[in-house]
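Topology and contacts: notes
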Amino acid sequence: MTAVIAASHLSKWYGNVLGLNDVSLEIEEGITGLLGPNGAGKSTFMKLITGQMKPAIGSVTIRGRKAWNDPDVYQGIGFCPEQDVFYEDVTGWELVTGLLRFYGYSRTEIRERAARALDVVDLTADKDRLIRGYSRGMRQRVKFAQTIAHDPDILILDEPLSGLDPLGKRKLIKLIKDFKKQGRTVLVSSHVLPEIEALTSQIVLIHQGKILAQGDVPFIRELIEAHPHQISVRSSDPRALAARFVGERSIQKMTFGADGRTLVVETHKRDAFFSRLTGVVLEAGIAVEEISSPDDNLQAVFEYLVGK
Amino acid sequence: MSIEVKDLSFRYGKIVALDGVTMRLGEGAVGLLGPNGAGKSTLLRILLGFLVPERGEGQVLGYDIRREQAMIRRSVGYMPESDCFVAGMDAVTFTAYFGELSGMPRQEAMKRAHEVLFYVGLGESRYRLLDTYSAGMKQRLKMAQALVHDPKILFLDEPTSNLDPTGRAEVLELIRDISAHKSIQVLLSSHILDDIEALCETVVILNKGKLAAEGRMADLRAIRYSLYELRIKGDGDAFRKDLESAGSRVDEMEDGLIKVYMPEAADPMDIFRAAGRTGAQLRYFVKSRTSLEDLFAGVVGVD
Amino acid sequence: MATVREKGYTHWEGRLGERRFPWWPITRTGILLAFRKKRFKFVFAVAFGPAIVALVGLYISERLEDFKAFIQDSNLIDIGPKYFATFFMNDWLLFMILLVLAYGAGGLIADDLKHNSLQLYFSRPLGKKDYFAGKMSVVAFFVLIFTALPGLLLIVFKLVFAGSFAFFLQYPWLPLSVLGYSAMLTVFFGFYILLMSALSKNSRYVFVLTFGTYIFSTVLFGILNGIFKTPYMALFSIPANLQQARAFIFGLKLPHAFPAGWSLAVLAGICGLAAVVLNRKIRSVEVIK
Amino acid sequence: MTGANAVRQVFGFFSFLGRKTGKTRVFAILGLIPVALAVIVRIVLHGRSGLMAAVFTEVLMVFFLQFYIVILALFYGTSVTAEEIENRTLTYLITRPIPKPAIILGKATAYAVLMFAMVGVSLALSFFIMNAARLSDPDLYATFFRYLGVLGLGILAYTAFFTFLGTVLKRAIIVGMVFGFGWENVIQYFPGSTQKLSIVHYLKSLLPYHPPSVGGGGGRGVALLLFRLEPTTPLAAILILAAVTAGLLALACWLFRVKEYLYED
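Before going into details, it helps to say that this report is about the structure given with it.

Reading the values: the criteria
- Residues numbered from 1 in each chain as written.
- Chains lettered and ligands numbered in written order.
- Predicted model: local features only at pLDDT ≥ 70, side-chain atom pairs only at ≥ 80, totals over all residues.
- Heavy atoms only, no water.
- Contact = heavy atoms within 4.5 Å.
- Buried area = accessible area lost by both parts, 1.4 Å probe.
- Salt bridge = Lys/Arg side-chain N within 4 Å of Asp/Glu carboxyl O.
- Polar contact = N/O pair within 3.5 Å; in protein donor to acceptor, adjacent residues only side chain to side chain.
- Helix = DSSP H or I, 4+ residues; strand = E, 2+ residues; numbered from the N terminus.
- Nonpolar A, V, L, I, M, F, W, Y, C, P; charged D, E, K, R; others polar.
- Pairing = 2+ DSSP bridges.
- Axes fitted to C-alpha atoms, helices over the stretch in contact; angles between N-to-C directions.

1. Some details on the interface of chain C and chain B
Often, the extent of an interface is quoted as the loss of accessible area upon association of its parts. Facing the 33 residues of chain C at the interface are 47 residues of chain B. Of the roughly 3,900 Å² buried between chain C and chain B, counting both surfaces, carbon and sulfur atoms make up 58%. The three residues of chain C that bury the most area against chain B are C:Tyr9, C:Trp12 and C:Arg124, which together make up 22% of that side's buried surface. For the interface between chain C and chain B, the tally reads two salt bridges. Here B:Glu100 ties to C:Arg28 by a salt bridge, and the two come within 2.5 Å at their closest N and O atoms. The tally of links from chain C across to chain B stands at eleven residue pairs in polar contact (both at pLDDT 80 or more).

2. Some details on the interface of chain D and chain A
In this complex, chain D contributes 31 residues to the contact, which on the side of chain A involves 29 residues. Carbon and sulfur atoms supply 61% of the area that chain D and chain A bury against each other, a total of about 3,100 Å² over both sides. Taken as a group, D:Tyr92, D:Arg96 and D:Pro97 account for 24% of the area that chain D buries against chain A, more than any other trio of residues on that side. For A:Lys12, the salt bridge is made with D:Glu260, and the minimal N-O distance between the two is 2.7 Å. Scanning the region where chain D abuts chain A turns up nine residue pairs in polar contact (both at pLDDT 80 or more). Contributing elements (two or more residues each) for the side of chain D that touches chain A: helix 1 (3–20), helix 4 (90–94) and helix 9 (234–258) of chain D. By residue number, the principal contributor to the side of chain D that touches chain A is helix 1 of chain D, which donates eight residues. Taken together, the residues of the side of chain D that touches chain A break down into 15 nonpolar, eight polar and eight charged.

3. Notes on the sheet that holds strand 2 (residues 15–25) of chain B
Residue and element names in this part refer to chain B. Spatial ordering of the open sheet is given by 2-1-4-5, a layout of four strands whose pairing is antiparallel. On the outer flanks of this sheet lie strand 2 and strand 5 (63–64), each paired with one strand and no other. Where strand 1 (residues 3–12) lies against strand 4 (residues 55–60), five bridges are found, and the strand directions are antiparallel. The partner of serine 9 across the bridge, within strand 4, is arginine 55. Set on the sheet, helix 1 (residues 40–48) makes contact with strand 1, strand 2 and strand 4; between it and strand 1 the angle comes to about 115°.

Below, the structure written as structure tokens:
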């Protein structure tokens, strides 16, 4: 797939503060999660992509075009800023129609698009109330409405789910997934990793201005050599199960959970272990209640790569 | 019994915020859930004595919420949702200041401030000005000011919002430590269901000012029929047929997750036997229960 | 027996007590924060200027003989209530007090609003009265330190320099007027500064607002006086009212030709307005729409 | 989107927005002060219209020329960019398919028109209340429109200056105040060519009547405004004002295009 957003040797710093340090990457179509600790360079990267800042070294292009001071590129980009700031004295309707002026649509088309965008985010009922009076969730939704109103094919969303209640999050996640189905490209940044996991397994992990990892979460977990995989098996008799595994060469460490039913096994050769597990359980006749891998999620990957 | 409320009602002008809420909250960590505007903040504020309820009464630690607000506030630690600090102050003075305002003698407040700041992990940066604090540090500072006067109950309003993953993990660890071993009860209001799931045993769900659900998390999420979620590696079809022949219904989701609905009496180990017979590797095997998100959506009645 | 101090949360054995003045920490911190502002110490020192000038004048008047050569103008040196009134009268002192307050105390409420720390205050066993009492006594501290303190000290120095109590016997009521006037200034500036501080979240705007209103009121008085020659226009100017009240307290000729009661009414009106606005603006919880 | 069309859209957006902000209400009320004064003067001094005209130019034109349009231009001019950066709403504008200079030009003109409307209404009300007796006299209207013209040019020049200031400095309002009320009020009374360094000098040169040019003495027109004024010719004054306005706006646009705006998060 051709890269929608491409950065090559992109670096940026302001004063002596390092923003990005020699970042080269490509973001394809579909949803990509962008994550990293505070001050890692996430917002710098987003500002560079959307042309709010000029690269110090290297370049970043969207569909081949540099975004800095090239206004026409915004025709196809929807940017949802992270700050909870608005023109407070206007209504939701006035904000969305006002911002739609800049795309060269006719008056009727502006009204149509605004109505559709507000309907998609369930704000049709409140569209004539001042944004000043909106709740935190409604402000987030009107911000999303102005992002999608001009029907962009690239969405760049900075913390789109913050401030939404579980229902609001669920709806927006479904909405973003629908966008992906329509073949659009979505770049989402979020602090709450379960939110990104609900959206996609494609992530880009930025830390201290560098790209630490890019790709599919399980694939990345596989590559992390430093931390052996953890597999937790809850059963009626964990010690008997453990006894049968002691001889296994693929197992590095076994620990027993405080609840007296869980056995956590650490191994570098997951395949070898799993192939043996089913057999051993059947031979030993132990009733197994649960098998799961506690560190096969984004939080763990994040911790291993970034944590102290 | 620490918090007990009977028929609590409150209205902002014509908007009904709380409508006849009755509940009793015991020890340990309690999750407070609900869509925006469901009345969570209003409930917290009434318990803290910021607002006087229209109808109904309540007690916090035995103190009546209408008459003995001062006593309640003395034994409750409140961690507000929004960022709040006093510019130009360093962390120790800030924490000691609010300790004093809770009624602690000055020297005690100063000593206690140091202790609490070390506990929340701000030990090394406790002399730095608050203006230089990051979002995560400000969040932990709010926790410190809520703990300085050794409260019996902690009201936490969105403690992990706008924190980065490491910050969020540390704050969660802090809350878990406080509510687990110590005799401090925690009332946690949050939009991030994973946090509630990780920390709380009991949960209270409000919706449009009414009590939608209340009780221990495990009971609320238990489901009657036995549904197992699996991930396997190996010959999927053979495995599926084997299970279906044994009388279970098998669905496969698009991300490879296999859902097996087994009849009431069936023994889960049949799944292992089926895997053994067809040479499939069982890599993920969990007895399903409704996720908190589905429970929430179901209870709040939309989706 | 071994004690293991596990790293973790420890309880506090003490008991929370009821303090006589629950708002005292607010005052102490308010003053502390004022002094932490950069260059505030300099402004604070300069504000003692008028008191020092008055002291020097006092000293010279006592040692008249040695300074015969310098002083031709005689009225400077007759020490009496007029002299003390002039110490308080000159605009330099009022201006310096306003400067110290606007710079040091401007953020008293503005900073709390900006960083919304009101909910921290009111989640403590603290009433709105305590909050205001604490904040107002910060202003009181600064006003008294530039008015009551130097005023009384000047009287004491006068007695010391003159070496006799004659002066005191001559004007026994003078310390009372000094205290009366200082109290009036404290109350007025207390309400005035807190009102300004509550009107904006940005303490820089509060600074501009405090001075702006103060000067604009005099400008307005100038314009109106230019058009309508009646003295009642002075009621529009805050400094004019203060001077009128001061002359009344020190029993001197009123600078503006109308009964001082009017000025006191205007000043009280401003304090009343401030009380109403403050009560509405400082709520422990914002009403959720 | 073409540059000209973008400016028109930005103009439309901010004309609408400008009318709704709280700031406009505050300054509209401020504009009522001269009207109130005019009414009071009308009641107290009715019958002596000659004195009235002098009082009007003396007090009200000072209010308009040296206070009202300056404070208006200061707050609206600096807010063209400074407000967007301080409130961080700039993101909404620069991620639109319009050239950055269009934002400056569109918004500055929208605010200038808004200010002109407020000043025009306030001037008209107070002027005609003040001179109600001489309504039939044609050259009364000539004077009024001349005043209006001078104030209009003043608005344009000051708005351009403060827009430029807002693009350059972070704390534009404080510096703007020093310039608007400090520098302008002082330099205009300096003799010789130094007074030509203030915008208000050229505005005053366009005022309708001049005292006989013998020093500062004699004539009814020795108004506060004309004190020690060595006027430049009206044509030169207009040209200079236009040049200042255009130059500063162009500079502001160029700078806005080049500069990156970081919100201190």
